[in-house]
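Coordinate analysis (summary)
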Amino acid sequence: MEDEEGPSCGKADFVLLDQVTMEAFMENLKLRFEKGHIYTYIGEVLVSVNPYQELPLYGPEAIARYQGRELYERPPHLYAVANAAYRAMKRRSQDTCIVISGESGAGKTEASKHIMQYIAAVTNPSQRAEVERVKNVLLKSTCVLESFGNARTNRNHNSSRFGKYMDINFDFKGDPVGGHIHSYLLEKSRVLKQHVGERNFHAFYQMLRGSEEEELQELHLQRNPALYNFTRQGAGLSPLDSDEKSHHQAVTEAMRVIGFSVEEVGSVHRILAAILHLGNIEFVELEEGGPEQGHLAVAAEELVDHVAELTATPRELLLRCLLARTVASGGRDLIEKGHTVAEASYARDACAKAVYQRLFEWVVDRINKVMETQDRDPRRDGKDTVIGVLDIYGFEVFPINSFEQLCINYCNEKLQQLFIQLILKQEQEEYEREGITWQTVEYFSNASIVELVERPHRGILAVLDEACSSAGTITDRIFLQSLDTHHRHHQHYSSRQLCPTDKTMEFGRDFRIKHYAGDVTYSVEGFIDKNRDSLFQDFKRLWYNSKDPTLRAMWPDGQQDITEVTKRPLTAGTIFKNSMVALVDNLASKEPFYVRCIKPNEDKMAGKLNESHCRHQVSYLGLLENVRVRRAGFASRQPYPRFLLRYKMTCEYTWPNHLLGSDRAAVSALLEQHGLQEDVAFGHSKLFIRSPRTLVALEQSRARLIPIIVLLLQKAWRGTLARQRCRRLRAVYTIMRWFRRHKVRAHLAELQRRFQAARGPPLYGRDLVWPEPPAVLQPFQDTCHALFCRWRAWQLVKNIPPSDMAQIKAKVAAMGALQELRQDWGCQRAWTRDYLSSVNRFNKRRDRALLLTDRHLYKLEPGRQYRVMRALPLDTVTGLSVTSGRDQLVVLHARGQDDLVVCLHRSQPPLDNRVGELVGVLAAHCQGEGRPLEVRVSDCIQLSQRGARRLVSVEPRPEQPEPDFRCSRGAFTLLWPSL
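A brief structural summary. Nothing here was measured: the structure is a model prediction, and the numbers come from that model.

The next point concerns the sheet that holds strand S26 (residues 934–937). Taken in spatial order, the four strands make up an open sheet running S25-S24-S23-S26, and their pairing is mixed. Both edges of this open sheet fall to strand S25 (900–903) and S26, since each of them pairs with a single strand only. Strand-to-strand twist across the sheet, computed as the mean angle between neighbouring axes with direction ignored, equals 20 degrees. Two strands pair when backbone bridges link them, and strand S24 (residues 889–894) and S25 are joined in this way by four bridges, in the antiparallel orientation. The residue of S25 that forms the bridge with valine 891 is valine 901. Across the sheet, helix H29 (residues 915–929) touches strand S23 (877–882), S24 and S26, and the angle it forms with S23 is around 160 degrees.

Written out as structure tokens, the structure is:
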């Protein structure tokens, strides 16, 4: 069991109490209730206290916590019991059942809902459509049955007024494939009359409060329940109209999901409306000699019209059935006998009760037809297993207790008898199976009480049947006298005649039975009529001949002819007794699980526990006897593997895993280390522990070690995660390394393939496209590309004569400086480099010549035998500027001297472009000396002259014969002849 329930919450299992007394039991129950723990175990029996409020104990998360767990692995819960029953059924292919018992208002219906929700949630993981359909029907059927079978009572706002046992069929995979509902003893007398503070069945109020106005008009109804005799008592107790409307819509939707057709739902509403109208019919006597036969009439005949219309029966036949009945004489003659007012009222009420009972039974049968297993062959599909859920009325004690309370309390006596027998049987069988000596346990046996009610010929039900079948007038008082005669010496029976001094009972009316749950006084008034449960054959034939197929299907016995001789029908008491015997036999054939529900107070108030009221329930539910039977000398028993799994960390010989011969030997070593071997007994497969103190000592030892183990597990798990991450990283790096090798090899192979023909002239691989390299090879490919370019350049220039190498180097230098910056720089022509032989043609004194040596640049005057006008050391030349056009303007920039501005012209051929040659020669020279030469290309060039900054630009002129400079406002302009 989880450690979330500490010592402050009390004992999670009453078996672990130090002393088995009522005071210790109640103290533990109250403590857990105050802490919000409404569930407690008695071994495998679950005790549930109704909290009268919503608690966060249910839903998908809670279901997931209990799914697949053992009973004691989680705190006590309904889900744990449902899971245990489901797993036992699935593991051993054995039928199981869950018996939910307790008094009215203890929470039995809600418990059955939660059990159904758990089973629906954990089944059908493959989402098979047929299984989903069955699950939906199982869940929705609860809503429908609550509407037609539950009512508000003084003890419970949603009290089940019938007993319900549901069988759920499962296939070999554990998925629900069908089901069947058995109903027991619907309290149909509630249709006619209710106690003060109680209501009729929910269905009436939901229809009145929740239907649309148009539907109410079709049913001839009004929304106020106080207008109808059958619902007037509970009219002021109705919830809000919005609640009734939402419930009505929920029931209608549930019926649709289950499979009720629209016509069937409409028929159900018409039958409910007909019952309400039937209850408002009153009878009046007519004066003798009047026109009406039988001297009886209906006060408001429009009600007869409404009932006839809603039930699709002829008005005249309905009126005849209400006012008279047909009797067959000794022969085949028929006699119509008119009713008195009392007889007509009795027939009306009997008809209303019977119609509602048949309607309820038809709803149950309709649901069963939808849920029944379809097309299943055990030879093909395997044997189906069953989980039964019993939600049946609890023990009832009212101010006036009648026939229904006798049957209900008899049912609880039978179930209590079965409970004690099965618990004792289970305990004794377990002891024998484990080889432990069985110790006889004293407990209260209610066998004599059950015999008092059901014994043949002498039991209360048998005496009642005899009174019902006797000829002549037999009254309830005569029946009571017969009971006194048969049971005057029974220790659990008494009456006022037998105990004249007991004035709590009325003479000639009351008798008392000492039930296991307490004394109950019953009034015999109405016993004979309720047991006979008779309805005139006229009504049966009337409803059978209805044109409404739904109503007709409810009355198959109406097809009998009135003269047909039939066996005497079984009485209501005999039918109920037979159904109880069959139910008990059915439950006894299954492996049982129990939920014992307790009502904490009579006020239906949350957080309040009335100790005296709960003490009474604990007593009559036999919970203390259950604890004593469970302990029977041993407070706890656990299989050896489960015991080791929980406590093995407390012993050095068993942690983390033992090396002994068996689990039993390991458990023995563990107990010896703790010195507890004298307080236990060893079974074949289980360890039996006598004292709860032994378990407390083991739990305390375990609690001290758990934090250490948690830290150890955290350390080991974190180390495991780190190692896993390291292995993953190593694997990633290995994959990356091999992938890189693969990519490198593939890339080099592709390079080799593409450049196989690169050695061939004249292109030497110029047109080859380099493949896209992997990112890791990008630097390598850049280097290879540079090497390839140098190799290709070498292949191209190695055959050039040495005399042309200077020109080639100059062109390469000029290309690096002027490529894409100047349109034409003379790359296509041969660079002679020696032009002095042709300058003697320059006969104008402004013409100059340039001489470039390896150290100086000289400006010469051709007109005076090339006299040196200026010598410019090359190491002072920092750069030169040219334009982007076809002109021959060149500006040489010198460090510490004026810039030299020249225009290269008078070349042969005319206007031959020699700017590129000049730039190339200077650039190649500077590269040879290892210093940079800045070459700027601009159409407006700055220069320095005599310490001042000036601008020089080019102006193309078509009419200009020869290039010429002009100076304007300190700026120079080269007039260039454009073609």
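Turning to the sheet that holds strand S21 (residues 856–861), a few remarks are in order. One open sheet holds the three strands; their spatial order is S20-S21-S22, and the pairing between them is antiparallel. Each edge of the open sheet is held by one strand with a lone partner, namely strand S20 (849–852) and strand S22 (867–873). Pairs of neighbouring strands in the sheet enclose a mean axial angle of 25 degrees, with direction left out of account. Taken together, the four bridges between S20 and S21 define a ladder with antiparallel strand orientation. Each residue of the ladder has a partner; that of leucine 850, found in S21, is lysine 859.

As enumerated under the stated definition, the model contains seven cavities of 30 Å³ or more in all. Lining the largest cavity are Ser147, Phe148, Ala203, Gln206, Met207, His248, Val251, Thr252, Met255, His269 and Leu272. If one sorts the elements of the lining of the largest cavity by residue count, helix H8 (residues 241–258) sits on top with four residues. Grouping the constituent residues of the lining of the largest cavity by class yields six nonpolar, five polar and no charged.

Before going further, it helps to spend a moment on the packing of aromatic side chains. Throughout the structure, instances matching the rule amount to 23 aromatic pairs. Seen in terms of ring centroids, phenylalanine 162 and phenylalanine 360 are 4.9 Å apart; in terms of plane orientation they differ by 65 degrees. Their pairing is edge-to-face. Placement of phenylalanine 162 in the loop between strand S5 (159–160) and strand S6 (163–170) and of phenylalanine 360 in helix H12 (residues 341–371) is noted, with a sequence separation of 198 residues between them. Like phenylalanine 360, phenylalanine 162 is buried. Centroid distance phenylalanine 755 to tryptophan 770: 4.7 Å. Interplanar angle 55 degrees. Geometry classified as tilted. Remark: tryptophan 770 occurs in the loop between helix H26 (692–754) and helix H27 (778–797) and phenylalanine 755 occurs in the loop between H26 and H27; sequence separation between them is 15 residues.

Analysis parameters
- Residues numbered from 1 in each chain as written.
- Predicted model: local features only at pLDDT ≥ 70, side-chain atom pairs only at ≥ 80, totals over all residues.
- Heavy atoms only, no water.
- Pairing = 2+ DSSP bridges.
- Helix = DSSP H or I, 4+ residues; strand = E, 2+ residues; numbered from the N terminus.
- Axes fitted to C-alpha atoms, helices over the stretch in contact; angles between N-to-C directions.
- Contact = heavy atoms within 4.5 Å.
- 1 Å grid on protein atoms, 1.4 Å probe; cavity = no way out; pocket = protein on both sides within 12 Å on 5 of 7 lines; lining within 4 Å.
- Points joined across faces, edges and corners; volume = space filled by probe spheres on them.
- Nonpolar A, V, L, I, M, F, W, Y, C, P; charged D, E, K, R; others polar.
- Phe/Tyr/Trp six-rings, centres within 6.5 Å; stacked < 30°, edge-to-face > 60°.
- Buried < 20%, exposed > 50% of the residue type's maximum accessible area, 1.4 Å probe, protein only.

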